[in-house]
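Structure assessment
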Amino acid sequence: MNVVSTSALPGLAFPAAVALSACEPGPDRQLLESTLDAAREAAGAPGAIFGVRLPDGETELVASGISDLEADRRIRKSDPYFHGPITKRFTATLIMQMVDDGALDLAATVSDFLPDFPRGHEITIRHLLQQTSGLKDFYLYFYMRPERDEMIDLVTREWTQDELIAYADRFGHWFDPGTGWDYSSTNYFLLGVLAERATDRSLASLLRDRVFDPASATSTWLHEYEATRGQRSTGYLGFVEGWPHSEMFGDLASTRELESSNAEWAAGGAVGTASDALSTMASLMEGRSTSSQSLSDMTDFVDAASLGAESAVPDLESRYGLGLMRIVRSGYELIGHGGIFLGHTAGLWHLPDCGVTVSLYLNRGFAPQRDVLDAMIPALAAADARAAGCFGA
């Protein structure tokens with residue numbers, strides 16, 4: 001299950017008096033650790049990792065809790081984890097690089113690569129990137145099947161690309177291409193297909209050569225398409241309102257048995273460390289991954305109010321660009337991507353007001369990511385003078 005995380009609650013309090021002066025050697029790790037401990041416990045997650053990359057390139061990581069409850073293994077700052085929907089940001093970066101090279105055009109259509117795809121001549125690459133194609137999300141179909149055995153088969157099966165393409169055009173549209181907005185991982189599956197067909201190369205090799213390795217993200221890989229590069233954290237789920245099969249997890253249970261499928265791929269299949277994630281985001285936002293025009297296109301946002309649906313404390317603003325979200329909270333703004341894959345909640349965010357990049361991972365699906373960020377961003381601003389501008393009015 002690969003969806004956008006929408007939960008949010010008020011942030012936790014922290015002592016403002018602990019702010020450091022600019023001459024201190026690094027962030028107040030104790031403050032960050034204690035804040036993460038409290039926020040993780042409030043979110044009901046066994047473990048959490050929070051990372052920050054400061055404007056001068058210094059990186060700080062803190063971890064809290066347990067990675068694997070059955071093995072009683074504590075979570076480590078270096079543990080790889082499912083990035084889930086953050087993968088869309090990697091895929092979008094690759095696509096924009098190909099636009100820069102002239103291999104793709106934002107106005108090109110799905111039919112240019114898949115001539116038989118229904119209404120493919122109406123759906124452009126820009127529509128796919130921006131979530132404005134109207135295509136329904138076939139991944140939700142997999143998880144919402146009423147029969148549990150069928151659901152498990154669909155989400156754990158090894159698929160061929162042609163089989164998934166058939167699902168991508170099976171359910172039609174929520175709206176006509178270009179006339180609305182709705183989050184659908186089908187869009188990013190198709191972008192992966194287009195990237196492969198335009199280059200005659202695998203998506204895994206393209207991401208490795210063009211996105212991961214140039215950013216020194218050597219501990220990141222595409223799940224089920226590359227060899228693992230470390231022991232990843234175990235994900236957990238409990239009750240999920242509206243999902244007919246959440247009872248199979250009881251109060252809290254591992255989702256590892258459902259994580260063997262190759263279907264997430266370009267939409268949610270990346271696994272990697274917090275340090276790697278921070279490096280890739282810094283590379284993008286500092287203009288080292290794409291041309292300035294492509295970065296400008298990626299950050300040209302359209303209204304996506306549904307990103308904040310069901311939030312106890314709604315986003316002040318929610319918008320979507322080309323593989324990037326823009327979210328305005330009370331006191332800070334985020335540009336990046338976040339969401340859920342089964343028992344994993346993750347986010348990778350740049351704070352434009354202060355030039356800081358943060359990563360967050362919770363090994364519980366549907367954990368309130370906004371709630372934890374509402375605690376961690378003010379704490380970060382207090383923990384280091386270089387991040388003081390991250391949290392304000």
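Here the structure is shown first, and the text comes after it.
The following refers to the structure shown. (Residues numbered from 1 in each chain as written. Predicted model: local features only at pLDDT ≥ 70, side-chain atom pairs only at ≥ 80, totals over all residues. Heavy atoms only, no water.)

Concerning the side chain of Gln97
Looking at the element boundaries, Gln97 is found in helix α2 (residues 87-101). A polar contact of 3.0 Å, which involves the side chain of Gln97, links it to the backbone oxygen of Ser289. Other than its neighbours up to four places away in sequence, Gln97 contacts Arg210, Val211, Ser289 and Thr290. (Helix = DSSP H or I, 4+ residues; strand = E, 2+ residues; numbered from the N terminus. Polar contact = N/O pair within 3.5 Å; in protein donor to acceptor, adjacent residues only side chain to side chain. Contact = heavy atoms within 4.5 Å.)

What to know about the environment of Val99
Inspection of the secondary structure puts Val99 in helix α2. When the C-alpha atoms of Val99 and Ser359 are compared, they prove to be 27 Å apart, with 260 residues separating the residues in sequence.

A word on the state of the cysteines
Applying the stated criterion across every chain yields a total of one disulfide. Cys354 shares a disulfide with Cys390; S-S distance 1.9 Å. The chirality of the disulfide connecting Cys354 with Cys390 is right-handed, given an S-S dihedral of about 90 degrees. Of the two residues, Cys354 sits in the loop between β14 (344-351) and β15 (356-362) while Cys390 sits in the segment after α12 (369-383), which places them 36 residues apart along the sequence. Overall, Cys354 belongs to the buried group, its relative accessible area being 13%. (Disulfide = S-S within 2.5 Å. Buried < 20%, exposed > 50% of the residue type's maximum accessible area, 1.4 Å probe, protein only.)

Digging into the nonpolar core
Across soluble globular proteins, you tend to see nonpolar side chains buried next to one another. Of all hydrophobic cores here, the largest spans 119 residues; its most connected members are Phe117, Ile125, Leu129, Phe142, Phe189, Val356 and Val358. The leading source of residues in this core is α12, at nine residues. Excluding residues within four positions of it along the chain, Val358 makes contact with Phe50, Gly51, Val52, Leu278, Gly347, Leu348, Trp349, Leu351, Ile377 and Leu380. (Core = buried A, V, L, I, M, F, W, Y, C linked by side-chain atoms within 4.5 Å.)

Notes on helix α8 (residues 203-212)
In terms of burial, α8 is largely enclosed, as seven of its 10 residues are buried. Structurally, α8 contributes buried residues whose contacts are with α2, α7 (186-199), β6 (221-222), α9 (265-268) and α10 (274-285).

Comments concerning empty space enclosed by the protein
Per the counting criterion, the structure on display carries two cavities of 30 Å³ or more. Taken as a whole, the largest cavity spans an internal volume of roughly 40 Å³. Taken together, Tyr139, Phe142, Tyr143, Leu154, Val155, Ser261, Ala263 and Glu264 make up the full set of residues lining the largest cavity. Broken down by secondary-structure element, the contributors of at least two residues to the lining of the largest cavity are α4 (138-143) and α5 (148-156). With three residues, α4 is the single largest residue contributor to the lining of the largest cavity. In the lining of the largest cavity, the residues fall into six nonpolar, one polar and one charged. (1 Å grid on protein atoms, 1.4 Å probe; cavity = no way out; pocket = protein on both sides within 12 Å on 5 of 7 lines; lining within 4 Å. Points joined across faces, edges and corners; volume = space filled by probe spheres on them. Nonpolar A, V, L, I, M, F, W, Y, C, P; charged D, E, K, R; others polar.)

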